[in-house]
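Working through the structure, step by step
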Amino acid sequence: MAGALDYAAAIPALPLAGFLVALLVGHYAPRVLPRDGAIPGILATAGSLALSVWVFFTVSGGETLNEELYTWVAGEGTFSLHFGLLIDPLSAMMAVLVSLIALLVHVFSLGYMNDENEPGRPRYYAGLGLFTASMLAFALADNLLMSFVFFELVGFCSWWLIGHWYTRPGPASAAKKAFLVTRFGDYFLLLGLVGILGTFGTATFTELPELVTAGLDGGATTYFGLSAQNWFAVLGLLILGGVIGKSAQFPLHTWLPDAMEGPTPVSALIHAATMVAAGVYLVARMYGFYAQLPTVLAIIALVGGFTALFAATMALVKREIKQVLAYSTISQYGYMMLGLGAGGYVAGVFHLLTHAVFKALLFLGAGIVIVAMHHDEDMWNMGGLKDKLPVTYWAFLAGSLALAGIAPFAGFWSKDAVLHEALVYGLGGNTAVLVAAVFGLVAVFFTGFYTIRMVLLTFHGEPRSSEAESAHGVGWNMKLPVAVLGVGAAVVGFVNPGLIHELTGASVTFLDSWLQGPIETTAAHHYHELVAANAAYTATEVSSVLTAGVSLALALAGVLLAWLLYRGPEPAEHTEKLGSVKTLLYNNYYQDEFQDWLATGVALPVSKGASKFDQGIVDGVVDGVSSVTLFSGAQTRRLQTGQVSNYVMLLALGLVVILAVVGFLGGWF
Amino acid sequence: MIPTEYFLLLSAGIFCIGLFGVLTRRNALVFLMSVELMLNAANLNFIAFSHMHGNLVGQTFSLFAMALAAAEVAVGIGIVLALYRNFKGVDVTIPTSMRW
């Protein structure tokens, strides 16, 4: 009997079929397309979800799959390029996560797009379908090349869906920005991919770790005269470039807040739960590679810790609900990078899982609020929505407490795990990780503050505008996904409550055991050994209770401060008290201005100079050579008279001359 | 038997007449005739040497050359006709535009 793993290829193929149906039927026969493509999309993602769950249970039985499906380029005596599937605990978990959120977002879109009569719905559902297919294929990829291909495809879908309302200038330019900024990072990923193929002769995830270990012992192919250690670090950093672009880490994070111009379900699916997770997932997927490169790990941790703090400060003063969520997304992905960089593979993946659930929830909740508010996103025009949207309120509150890291909601467990790992290795003697951990701890306070500020401004107090007073309820198709995710945000943390494990000794760390995995080279304990052996990370005993207590206290302090400042029926704006800091934060540290300056102030003059050099000197030499030829040609052609008799005479004379010469030399005379 | 030198002298004379015609005449038809004279001088050489050596290769070759000359005349007459149509005359010194 055929098992689930035989059908694994159908997981990404089903949404692809949904994409084709929505695109082709939507174009040629839009009237027969049920709900403008929503129904095919829902059926396809539901099918993917069912298959993923089946695969999930098969994998939990100890079966895995690692096979090549299609050889793209067969190399003779060199490497081959192929597409294949790697189904192990990590990818099975990711497939379930992606297809679940994709399904919920499809259902939610029924309310957000169809009921609101937004234009271009078949195009929208086609984009969602293609995105889901690419993301699932990315999650199940068995080699870096295939990952790269689908990495690019999800970026393309992101462009497609952000720019859904392409007739308005905001979304159109936001879509371009998102595409260009992530593409900039992906360029480094491409270089890294080529480097990895050249160095190891394969890009298969399961083979890389051993090749790196062997290479570090000597005999590795390296380039530019670097030692194996340094060259592998360069490769790791190049791939990290793509990760930083896609996961919106500093300094390539500027596209994500702008991406909020897209429809809110798209923000939930792509820019919170899945596509942005692709970067972090890639690091987790290649963790056997990264675990042996201490420099790169430290950089990952530092970038992550810094981004977590940096983005959290910007979220403090934002007025639009989606902007707050966007910056908190950047910040939370910083935590995942921190966890992975600090050697906490399980912690990073755990935060990826919980964050996907509660951030998708928050975005969908924000979508309901925006619909109820007739597309006004300014939180200062909201207030008092608690009574009008009770289901949304409670679910949103669960998601917010999860984001703020309040026990026992999901975010508490995972963020605590990340910080605990960071402190264990940071205090163990790794300064970079320790600095990153301190960044992370400070960011916990800010996270608590901005989250509760958002909840209070949106749902509490008195309505501050006519839209908020006349806010209307929404249909089941929007409430249901939010309710499902709300329950998820409350309970998903219990898949790996490390604190309970330490306190009671009960074996409740399910995710930890799950990720131990049947494939040795992708198992968590194997990574753990690699980090200890090759990256020379040393652990110290840090009590989980202590770190959990500190992070919970910081989060509660933030919550309390927000409560004190923004409670009551008519909360006042306190941002003015920050003075010039507020301006700085409100303008996002002038990051966009800086990048604009980089483009117009640096790149443009340099390009102009290069253009002058090209047109003046390079072209000048070429033109000079050709003008000499032209001039001499123009002079020489005057020999031609065009008269036949002249030519004949020249011929005859030439013959005579040849005869004379031959005669003299031959001694005829 | 007539010595071969006589034939060669005759051939050289005919060739020179043809060359003189080509160099001095302006009428395209006379031009063509002069070219024919030069060609036939060469043919005469072929035959004279063929006779001297007693083998028929040269004579065969001159038959081919005659067939070629017939084709050449056909082309030449065509050119003369085109010349007449375009320049209202057959003076070869007038059309000088086919250069640069």
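Calculation criteria
- Residues numbered from 1 in each chain as written.
- Chains lettered and ligands numbered in written order.
- Predicted model: local features only at pLDDT ≥ 70, side-chain atom pairs only at ≥ 80, totals over all residues.
- Helix = DSSP H or I, 4+ residues; strand = E, 2+ residues; numbered from the N terminus.
- Buried ≥ 20, exposed ≤ 12 C-beta atoms within 10 Å, placed from the backbone.
- Contact = placed C-beta atoms within 7 Å.
- Axes fitted to C-alpha atoms, helices over the stretch in contact; angles between N-to-C directions.
- Left-handed = near helix turned anticlockwise from the far one by under 90°.
- Nonpolar A, V, L, I, M, F, W, Y, C, P; charged D, E, K, R; others polar.
- Pairing = 2+ DSSP bridges.
- Core = buried A, V, L, I, M, F, W, Y, C linked by C-beta atoms within 7 Å.
- pLDDT = per-residue confidence, 0-100.
- Expected span 1.5 Å × (residues − 1).
- Arc of directions from axis to C-beta.

**What about the overall build of chain B?**
- Helices and strands together make up the secondary structure of chain B, namely three helices and zero strands.
- When the elements of chain B are put in sequence order from the N terminus, they spell out α-α-α.
- In terms of overall dimensions, chain B has C-alpha extents of about 50 × 25 × 25 Å along its principal axes.
- Burial statistics for chain B: of 100 residues in total, 14% are counted as buried.
- Contacts in chain B between residues at least 24 apart in sequence constitute 46% of all its contacts with a sequence separation of at least 6.

**What about the overall build of chain A?**
- Within chain A, the regular secondary structure consists of 27 helices and two strands.
- Taken across its 669 residues, chain A has 52% of its residues classed as buried.
- When contacts within chain A are restricted to residue pairs at least 6 apart in sequence, those whose partners lie at least 24 apart make up 81%.

**A word on the packing of helix H16 (residues 390-404) of chain A against helix H20 (residues 476-491) of chain A**
Residue and element names in this part refer to chain A.
- Two numbers describe how H16 lies on H20: the axes approach to 8 Å, and their chain directions differ by 35°. Note that H16 runs across H20; the crossing there is left-handed. Every residue of H20 that contacts H16 at Val391, Thr392, Trp394, Ala395, Ala398, Gly399 and Ala402 is listed here: Lys479, Val482, Ala483, Leu485, Gly486, Ala489 and Ala490.
- Of the residues that constitute the contact of H16 with H20, the class distribution is 10 nonpolar, three polar and one charged.

**What about the pairing of strand S2 (residues 81-87) of chain A?**
Residue and element names in this part refer to chain A.
- The buried count for S2 comes to five of seven residues, which makes it a mostly enclosed element.
- Sheet topology places strand S1 (residues 65-73) next to S2; seven bridges connect them, and they run antiparallel. Among the inter-strand pairings, threonine 71 is bridged to a residue of S2, identified as histidine 82.

**Remarks on the interface of chain A and chain B**
- On the side of chain B, 10 residues touch chain A, which itself brings 10 residues to the contact.
- Taken together, the residues that form the side of chain A that touches chain B break down as four nonpolar, five polar and one charged.

**Quick notes on helix H10 (residues 264-273) of chain A**
- Burial analysis of H10(A) places 10 of its 10 residues in the buried class, which makes it a mostly covered element.
- Listed in full, the buried residues belonging to H10(A) are Thr264(A), Pro265(A), Val266(A), Ser267(A), Ala268(A), Leu269(A), Ile270(A), His271(A), Ala272(A) and Ala273(A).

**Observations regarding unusual backbone geometry**
Residue and element names in this part refer to chain A.
- With an omega of 5°, the peptide bond running from phenylalanine 250 to proline 251 counts as cis.
- In this structure, proline 251 sits in the loop between helix H8 (228-246) and helix H9 (255-258).
- You will see that alanine 248, though not glycine, has its phi angle at about 55°, which is positive.
- In this fold, alanine 248 is placed in the loop between H8 and H9.
- Of the residues examined, alanine 248 has 30 C-beta atoms within 10 Å and is grouped as buried.
- With a phi angle near 65°, histidine 375 is a residue other than glycine that sits in the positive phi range.
- Along the chain, the position of histidine 375 falls in the loop between helix H15 (345-372) and H16.

**Quick notes on the packing of helix H18 (residues 431-459) of chain A against helix H24 (residues 544-566) of chain A**
All names here are of chain A.
- At a minimum axis separation of 7 Å, H18 and H24 run at an interaxial angle of 35°. The chirality of how H18 crosses H24 is right-handed. In this structure, H18 contributes Leu441, Val444, Phe445, Phe446, Thr447, Gly448, Phe449, Ile452, Arg453, Leu456 and Leu457 to the contact, and H24 contributes Val550, Ser551, Leu554, Ala555, Leu556, Ala557, Gly558, Val559, Leu561, Ala562, Trp563 and Tyr566.
- Residues that form the contact of H18 with H24 fall into these classes: 18 nonpolar, four polar and one charged.

**Observations regarding the nonpolar core**
- Membership of the largest hydrophobic core comes to 227 residues, with the highest contact counts inside it found for Ile101(A), Leu140(A), Ala360(A), Ala422(A) and Ala489(A).
- For this core, the leading source of residues is H15(A), giving 20 residues.
- In contact with Leu140(A), other than residues within four places in its own chain, are Ala8(A), Ile11(A), Pro12(A), Leu85(A), Leu86(A), Ile87(A), Ser91(A) and Ala95(A).
- Among the nonpolar cores identified, the runner-up in size contains six residues, and Val22(B), Ala28(B), Phe31(B) and Leu32(B) belong to it.

**Some points on the environment of Leu503(A)**
- For Leu503(A), the location among the structural elements is in helix H21 (residues 498-504).
- Placed 32 residues apart in sequence, Leu503(A) and Ala535(A) show a C-alpha to C-alpha distance of 30 Å.

**Some details on the environment of Ala41(B)**
Residue and element names in this part refer to chain B.
- Assignment of secondary structure puts alanine 41 in helix H2 (residues 28-53).
- In sequence terms alanine 41 and serine 62 are 21 residues apart; their C-alpha atoms lie 11 Å from each other.
- Other than its neighbours up to four places away in sequence, alanine 41 contacts Ser11, Ile14, Phe15 and Gly18.

**A word on the confidence of the model for chain B**
- Confidence in the prediction for chain B averages 90 pLDDT; 99% of positions are at 70 or higher.
- Across the interface, the model reports ipTM at 0.84; the global pTM reads 0.79.

**With respect to helix H1 (residues 4-24) of chain B**
- In this model H1(B) runs 30 Å from its N-terminal to its C-terminal C-alpha over 21 residues, within 8% of the 30 Å that 1.5 Å per residue would give.
- Those residues of H1(B) lying buried are Gly18(B), Leu19(B) and Val22(B). Buried positions in H1(B), seen along its axis, are confined to an arc of 100° and lie on one side of it. Among the exposed residues of H1(B), those pointing more than 90 degrees away from its buried face are Glu5(B), Tyr6(B), Leu9(B), Gly13(B) and Thr24(B).
- Against helix H27 (644-666) of chain A together with H2 of chain B lie the buried residues of H1(B).

**A few points about the environment of Phe57(A)**
- Counting through the fold element by element, Phe57(A) comes out in helix H2 (residues 38-60).
- Once the C-alpha coordinates of Phe57(A) and Tyr124(A) are considered, the two residues, 67 residues apart in sequence, prove to be 32 Å apart.

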